[in-house]
Amino acid sequence: DGGITQSPKYLFRKEGQNVTLSCEQNLNHDAMYWYRQDPGQGLRLIYYSQIVNDFQKGDIAEGYSVSREKKESFPLTVTSAQKNPTAFYLCASTTYPTGGADTQYFGPGTRLTVL
Amino acid sequence: GEDVEQSLFLSVREGDSSVINCTYTDSSSTYLYWYKQEPGAGLQLLTYIFSNMDMKQDQRLTVLLNKKDKHLSLRIADTQTGDSAIYFCAEREDTDKLIFGTGTRLQVFP
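Here's a quick rundown of the structure. (Residues numbered from 1 in each chain as written. Chains lettered and ligands numbered in written order. Predicted model: local features only at pLDDT ≥ 70, side-chain atom pairs only at ≥ 80, totals over all residues. Heavy atoms only, no water.)

### Brief notes about the overall build of chain A
What counts here: Counting from the N terminus, the helices are DSSP H or I runs at least four residues long and the strands are E runs at least two residues long. Throughout, radius of gyration means the C-alpha value; the globule benchmark is 2.2 Å times the number of residues raised to the power 0.38. Each residue gets one of three labels from its accessible area relative to the maximum for its type: buried under 20%, exposed over 50%, partly exposed in between, using a 1.4 Å probe on protein chains only. Whether two residues are in contact is decided by their heavy atoms: any pair within 4.5 Å suffices.
Within chain A, the secondary structure is distributed over 0 helices and 11 strands. Taken from N to C terminus, the helices and strands of chain A fall in the order β-β-β-β-β-β-β-β-β-β-β. Over its C-alpha trace chain A gives a radius of gyration of 13 Å, about what one expects of a compact globule, namely 13 Å for 115 residues. Taken along its principal axes, the extent of the C-alpha atoms in chain A is 40 × 25 × 25 Å. Put simply, chain A has 115 residues, and 50% of those count as buried. Contacts spanning at least 24 positions in sequence make up 54% of the contacts within chain A whose residues lie at least 6 apart.

### Regarding the pattern of salt bridges
Rules: The rule for a salt bridge is simple: a side-chain nitrogen of Lys or Arg has to be within 4 Å of a carboxyl oxygen of Asp or Glu.
A full pass over the atoms with the stated rule returns 6 salt bridges over all chains. When the shortest N-O distance is used, the salt bridge between Arg36(A) and Asp38(A) registers 2.8 Å. Classification of Asp38(A) as buried rests on a relative accessible area of 11%. Residue Asp83(B) is joined to Arg60(B) by a salt bridge in which the shortest nitrogen-to-oxygen separation is 3.0 Å. Taken together, the residues span a long stretch of sequence, with Asp83(B) in the loop between β8 (71-76) and β9 (85-92) and Arg60(B) in the loop between β6 (55-58) and β7 (61-66) at a distance of 23 residues. Taking the relative accessible area as the measure of exposure, Asp83(B) reaches 7% and is therefore buried. In this structure Arg60(B) comes out as partly exposed when scored by relative accessible area, which is 33%. Here the salt bridges do not stand alone but share partners, grouping Arg36(A), Asp38(A) and Arg44(A) into one network.

### Brief notes about the side chain of Thr104(B)
All names here are of chain B. We apply this condition: Between N or O atoms, a polar contact is any pair within 3.5 Å; within protein, one atom must be a potential hydrogen donor and the other a potential acceptor, and residues adjacent in sequence are included only when both atoms are from side chains.
Turning to its location among the elements, Thr 104 is positioned in strand β11 (residues 104-109). A polar side-chain atom of Thr 104 sits 2.6 Å from the main-chain carbonyl oxygen of Ser 7. Non-local contacts of Thr 104, meaning those with residues more than four positions away in its chain, are made with Gln 6, Ser 7, Leu 8, Phe 9, Leu 10, Ile 20, Ala 85, Ile 86 and Tyr 87.

### A short note on the pairing of strand β4 (residues 31-37) of chain A
Residue and element names in this part refer to chain A. We count it as follows: By the convention used here, strands pair only if DSSP detects at least 2 bridges between them.
With 7 of 7 residues buried, β4 is to be regarded as a mostly interior element. Here β4 shows two buried faces, one formed by Ala 31, Tyr 33, Tyr 35 and Gln 37 and the other by Met 32, Trp 34 and Arg 36. Sheet topology places β4 next to strand β9 (residues 87-94); 7 bridges connect them, and they run antiparallel. Bridging from a neighbouring strand, Trp 34 pairs with Cys 91 of β9. Bridging between β4 and strand β5 (residues 43-51) involves 6 bridges; their strand directions are antiparallel. Bridge assignment links Gln 37 to a residue of β5, and that residue is Leu 43. In textbook terms, the turn of a hairpin is the stretch between consecutive antiparallel strands, and for β4 and β5 this stretch comprises 5 residues, one of which, Gly 40, has a positive phi near 75 degrees.

Right, here's the structure in full:
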């Protein structure tokens, strides 16, 4: 089945540690996205990538880093510079250029908790 | 910048209709979407509407778009307990980016 997978589902991190969240898709989508979700705040865009080896900052990129070495994969690293990393992280993908009603498809999410 | 707003909570009785509202600011939006998020899960696309349409119906779901007032609504007929979730509206800019609302938590009680 085609889809987007994220791992792990739950992740615990000590303060001062970097952690990497995995996102893989087999939908042959060119564009991939990382969002952060906090209660009552909707989704905020962290980083996105429209093509392999290229990515752009979203609205809240500080304290995060990404890479896009393969079309299928878009890992997100939450660095120790991120002041309040506890949140639910969602990965999404879509075709690019986006045409018609094409929209983003989401993975199941990773809940990160800083201890 | 662009902004999409929704009320945070809605509570309805099972079998009644639910209406979830959304307002947006970007008049150049091409498509508008409704997503559903169940607890601890990702977002699932429910339906969408093109900006030159006023209404779209899909089984129990009816989307109404008032482009003049920049108002979008999702009506769920015969609401069931399985409809309890958070509902997000989103608008697509000219690019591939989506702007999401804050989400409306729908609670269905028996």
